[in-house]
Amino acid sequence: LQEECGVSSWTLLQSLGDAVLVPAGAPHQVQSLTGTISVEQRFLSPENAARLRDHSTHPQLRAQLDGMIFSAVREAVGVLRGCK
């Protein structure tokens, strides 16, 4: 890919207890060398949820996004209160 498209890659060996964060939109490939358990968390930022909500005409989707935005704001306020 480097020669054809100018795309470079990294190789990462993850050890027991390591966590790897792959940025949103970053293509990646995983090769397991042993039996593994994968835990994945998808994240939708409040800013993007609000933007998506503004462009949605489906009432059920709008309601779900409202709930996500409310939860994210509530969590952020809780974190900030704990930082006193």
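For clarity, every value in this text was computed on a predicted model and none was experimentally measured. (Residues numbered from 1 in each chain as written. Predicted model: local features only at pLDDT ≥ 70, side-chain atom pairs only at ≥ 80, totals over all residues. Heavy atoms only, no water.)

### Quick notes on the overall build of the chain
How we decide: Think of it this way: any DSSP run of H or I at least four residues long counts as a helix, any run of E at least two long counts as a strand, and we number them from the N terminus. Restricting the calculation to C-alpha atoms gives the radius of gyration, and the globule rule supplies 2.2 Å times the number of residues raised to the power 0.38. Charge convention: Lys and Arg are scored as positive, Asp and Glu as negative, and His as well as the terminal groups of each chain are ignored. Think of each charge as sitting on NZ of Lys, CZ of Arg, CG of Asp or CD of Glu.
Along the backbone of the chain there are 3 helices and 0 strands. Here the chain has a C-alpha radius of gyration of 19 Å; the compact-globule value for 84 residues is 12 Å, and the former is much larger. In terms of its C-alpha atoms, the chain occupies a principal-axis envelope of roughly 45 × 35 × 25 Å. Taking the 7 positively charged and 8 negatively charged side chains of the chain as two groups, their mean positions are separated by 17 Å.

### Let's talk about the environment of L12
Spelled out, the test is: Accessible area is worked out with a 1.4 Å probe on protein chains only. A residue is then buried under 20% of its type maximum, exposed over 50%, and partly exposed in between.
One can find L12 in the loop between α1 (2-5) and α2 (46-55). Judged by relative accessible area, which is 61%, L12 ranks as exposed. Measuring from C-alpha to C-alpha, the distance between L12 and R53 comes to 37 Å, with 41 residues separating the pair along the chain.

### Brief notes about the layout of surface pockets
In plain terms, the rule: Lining residues are defined by having an atom within 4 Å of a point belonging to a cavity or pocket. Those points lie on a 1 Å grid over the protein atoms alone, cavities being sets where a 1.4 Å probe fits but cannot get out and pockets being open sets with protein on both sides within 12 Å along at least five of seven lines. Grid points are joined across faces, edges and corners, and a volume is the space filled by probe spheres set on the points. Put simply, Ala, Val, Leu, Ile, Met, Phe, Trp, Tyr, Cys and Pro go in the nonpolar bin, Asp, Glu, Lys and Arg in the charged bin, and everything else, Gly too, in the polar bin.
Taken as a whole, the largest pocket encloses approximately 2100 Å³ of empty space. Lining the largest pocket are 37 residues, with V20, V22, H28, Q29 and V30 positioned closest to its centre. For the lining of the largest pocket, the class distribution of residues is 19 nonpolar, 15 polar and 3 charged.

### With respect to the environment of A50
Structurally, the position occupied by A50 is in helix α2. Accessibility expressed as a relative area gives 26% for A50, which makes it partly exposed. Sequence-wise, A50 and S9 are 41 residues apart; in three dimensions their C-alpha atoms are separated by 33 Å.

### Here we look at the environment of T36
Looking at where T36 falls in the secondary structure, it is placed in the loop between α1 and α2. Expressed as a C-alpha distance, the spacing of T36 and L16, which sit 20 residues apart in the sequence, is 10.0 Å.

### Here we look at the confidence of the model for the chain
For clarity, the threshold we go by: In predicted models, pLDDT denotes the confidence assigned by the predictor to each residue on a 0 to 100 scale.
When pLDDT is averaged across the chain, the result is 77; 92% of the residues are at 70 or more. The secondary structure element of the chain with the lowest average pLDDT is α2, at 73, and the one with the highest is α1, at 80.

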